[in-house]
Amino acid sequence: MQAQNLDALLAQMWKDYSHMNPQVRKIYNSLLEQEDKVVNDHIALRTYNDPRVNIEVLKKPFIEGGYKEKGEYEFKAKKLYAKHFEHLDPLMPKIFISELKLEEFSPALNQTVRELLDQIPEGMNERYDFVNIGRPWKLDYSTYLKLLEESEYAGWMAAHGFRPNHFTVFVNHLKSIHSLIGMNDYIKRLDFKLNTSGGEIKGSKDVLLEQSSTLADTVEVEFTDGKHAIPACYYEFAYRYPTEEGKLYSGFVAQSADKIFESTNQGQ
């Protein structure tokens, strides 16, 4: 039963994410038109490290569905901590959950985040689909901007809530594209912009993982004082190399992921 629940949850996450981000549908459908098999390498989720909504809360449906904790990561500059989870089935997407270390931010940011989290209805964070519930609090645009000024991540979470920050094309499984350079060229031919922070390709064969991503779509978001266009989500691409044991590397590289986070930055 849990596997069925998990499949339904992942399907709903993809549906909501791809509907919210038009570039995702265009890229995905374009690959399908080439008769490519689009395998999802990983899904990334964001949250705050408050015990009501932290990684330990968001991981629950995945652990119940057969996922295991694998790696943990620190992002000192962005003041983040993250874990990734893997399923026994290698074609199931890895789950990457990061959380903002609130204790490293100003009292003002902490007060604002607490006030947002206090609006979550009692028991909602126990729902199986909480990771895809969206924004369960009211937010005005000026508060979003204040959070954004101190932390892009904090502002994104406040505006979008609990939903995938990105899905990831597992380039190794494509038939028509055989490298991340080829993937990036394909994306540019479709007229989408890539995140160039740290170079178009983050990582290398030496660290067994290469990553790239589009810049986030700009979408209209409803605030209490009207709609405003802000960065939403992006599409990532990953190419993995085999370890000495001959299996594809399944972890993540913190230095590369650090730059991928910047795909949702304002004004890129």
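Look up a bit, the structure's there.
Conventions and cut-offs
- Residues numbered from 1 in each chain as written.
- Predicted model: local features only at pLDDT ≥ 70, side-chain atom pairs only at ≥ 80, totals over all residues.
- Heavy atoms only, no water.
- 1 Å grid on protein atoms, 1.4 Å probe; cavity = no way out; pocket = protein on both sides within 12 Å on 5 of 7 lines; lining within 4 Å.
- Points joined across faces, edges and corners; volume = space filled by probe spheres on them.
- Helix = DSSP H or I, 4+ residues; strand = E, 2+ residues; numbered from the N terminus.
- Nonpolar A, V, L, I, M, F, W, Y, C, P; charged D, E, K, R; others polar.
- Pairing = 2+ DSSP bridges.
- Axes fitted to C-alpha atoms, helices over the stretch in contact; angles between N-to-C directions.
- Contact = heavy atoms within 4.5 Å.
- Core = buried A, V, L, I, M, F, W, Y, C linked by side-chain atoms within 4.5 Å.
- Buried < 20%, exposed > 50% of the residue type's maximum accessible area, 1.4 Å probe, protein only.
- Phe/Tyr/Trp six-rings, centres within 6.5 Å; stacked < 30°, edge-to-face > 60°.
- Lys NZ or Arg CZ within 6 Å of the ring centre and 35° of its normal.

A. How the structure looks around empty space enclosed by the protein. Applying the stated criterion across every chain, the model contains two cavities of 30 Å³ or more. Taken as a whole, the largest cavity holds about 80 Å³ of empty space. Forming the boundary of the largest cavity are H42, A44, F96, H166, Q211, Y234, E236, F252, A257, I260 and F261. Taken together, the elements giving at least two residues each to the lining of the largest cavity come down to strand 1 (40–48), strand 10 (234–240) and helix 9 (254–260). Across the lining of the largest cavity, the residue classes tally to seven nonpolar, three polar and one charged. As a volume, the second largest cavity reaches approximately 40 Å³. Lining the second largest cavity, in full, are Y144, L148, E152, W156, H160, I230, P231 and T264.

B. Spatial organisation of the layout of surface pockets. What the largest pocket holds in volume is close to 420 Å³. If you list the elements that add at least two residues to the lining of the largest pocket, you get strand 2 (67–75) and strand 3 (80–87). Of the residues contributing to the lining of the largest pocket, the split by class is seven nonpolar, three polar and seven charged. As for the second largest pocket, its lining consists of 16 residues, and the residues nearest its centre are L10, W14, N40, P93 and F167. Elements that contribute at least two residues to the lining of the second largest pocket include exactly helix 1 (2–20), strand 1 and strand 5 (164–170). With four residues, the single largest contributor to the lining of the second largest pocket is helix 1.

C. The sheet that holds strand 10, seen in detail. Across the sheet, eight strands lie side by side as 2-3-4-1-5-10-7-6; this open sheet has mixed pairing. The open sheet has two free edges, formed respectively by strand 2 and strand 6 (202–204), since each of these has just one partner strand. Within the sheet, the average angular offset between the axes of one strand and its neighbour, ignoring direction, is 25 degrees. For strand 1 and strand 5, the ladder comprises four bridges, and the chain directions are antiparallel. When the bridges of strand 5 are listed, N40 appears paired with V169. Those strands touched by helix 7 (residues 152–160) are strand 1, strand 3, strand 4 (94–100) and strand 5, and its axis lies near 95 degrees from that of strand 1. Seen against the sheet, helix 8 (residues 180–189) touches strand 7 (209–213) and strand 10 and runs at an angle of roughly 155 degrees to strand 10.

D. A look at the nonpolar core. Judged by nonpolar contacts, the single largest core of 77 residues is most densely connected at Y48, F62, M183 and F237. Apart from residues lying up to four places away in sequence, M183 is in contact with L31, V171, L174, I177 and F237.

E. Focus on the packing of aromatic side chains. Per the counting criterion, the structure on display carries 19 aromatic pairs. Each ring, one from W14 and one from Y28, has its centre 5.0 Å from the other, and the planes form 55 degrees; the classification is tilted. Of the two residues, W14 is situated in helix 1 and Y28 in helix 2 (residues 22–33); the sequence distance between them amounts to 14 residues. We classify Y28 as partly exposed; its relative accessible area is 24%. Members of the aromatic cluster, joined through ring pairs, are W14, Y17, Y28, F167, Y235 and F237. Of note, R135 hangs over the ring of F223, and the distance from its end group to the ring centre comes to 5.7 Å. Above the face of the F252 ring, R240 is positioned so that its terminal group lies 5.1 Å from the ring centre.

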